[in-house]
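So the chains spell out like this:
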Amino acid sequence: MTTSKKNLRTCEKGYNYYKSSDCPTCPVCEQERKSDTGFLSLLSAPARRALENNGVTSLQQLSTYSEKEILKFHGMGPASLPKLRDALETGGLSFKD
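Calculation criteria
- Along every chain, residues carry numbers that run from 1 in the direction the sequence is written.
- The predicted nature of this model means local features are confined to residues of pLDDT at least 70 and side-chain atom pairs, given and counted, to a pLDDT of 80 or more, with totals for whole chains, interfaces and linings taken over all residues.
- For side-chain calculations, the full set of non-hydrogen atoms in the structure is used, while hydrogens and water are omitted.
- To sort residues, take the accessible area from a 1.4 Å probe on protein chains only and compare it with the maximum for the residue type: under 20% means buried, over 50% means exposed, and anything in between is partly exposed.
- To qualify as a helix, a DSSP run of H or I must reach at least 4 residues; to qualify as a strand, a run of E must reach at least 2; elements of each kind are numbered from the N terminus.
- Here the arc refers to the set of directions running from the helix axis out to each C-beta atom.
- Salt bridge, as applied in this entry: a Lys or Arg side-chain nitrogen positioned within 4 Å of an Asp or Glu carboxyl oxygen.

### Quick word on helix H2 (residues 45–53)
Point 1. Turning to H2, its buried residues are Ala 47, Arg 48, Ala 50 and Leu 51. The arc that holds the buried residues of H2, viewed along the axis, is 155 degrees, so those residues lie on one side.
Point 2. Two residues or fewer after H2 comes Gly 55, characterised by a positive phi angle close to 75 degrees.

### Comments concerning the pattern of salt bridges
Point 1. All told, the structure shown has two salt bridges when counted by the stated rule.
Point 2. Ionic pairing is found between Glu 67 and Arg 85, a salt bridge with its closest N-O pair at 2.8 Å. Highlighted residues: Glu 67 in helix H4 (residues 67–71) and Arg 85 in helix H5 (residues 81–90), separated in sequence by 18 residues.
Point 3. Arg 85 sits in the partly exposed class, given a relative accessible area of 36%.
Point 4. Between Lys 96 and Glu 69 there is a salt bridge, and its shortest N-O distance comes to 3.4 Å. Taken together, the residues Lys 96 in the segment after H5 and Glu 69 in helix H4 connect sequence positions 27 residues apart.
Point 5. With relative accessibility at 38%, the residue Lys 96 sits in the partly exposed group.
Point 6. Using a relative accessible area of 30% as the deciding quantity, one classes Glu 69 as partly exposed.

Laid out in structure tokens, this is it:
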């Protein structure tokens, strides 16, 4: 098995970090962006970004999508669906049929 070489990068805010992929996301900036409250705080960073990049930042917005539509978002995986279902249910909402 080969190990990918990690490259030193600097983000727009000046943080240095190493990445072996082409992903431009700075881990320090990503951690600073993470909310401590709300349903988005329950998700992994890729799943959270998938929703945010598609304009879904509230449970009301989430309830306008079906589970199949959510799974089509780049970065969203099936492991996030139970967390999203629970959050919707707590808010008295559900996914679109």
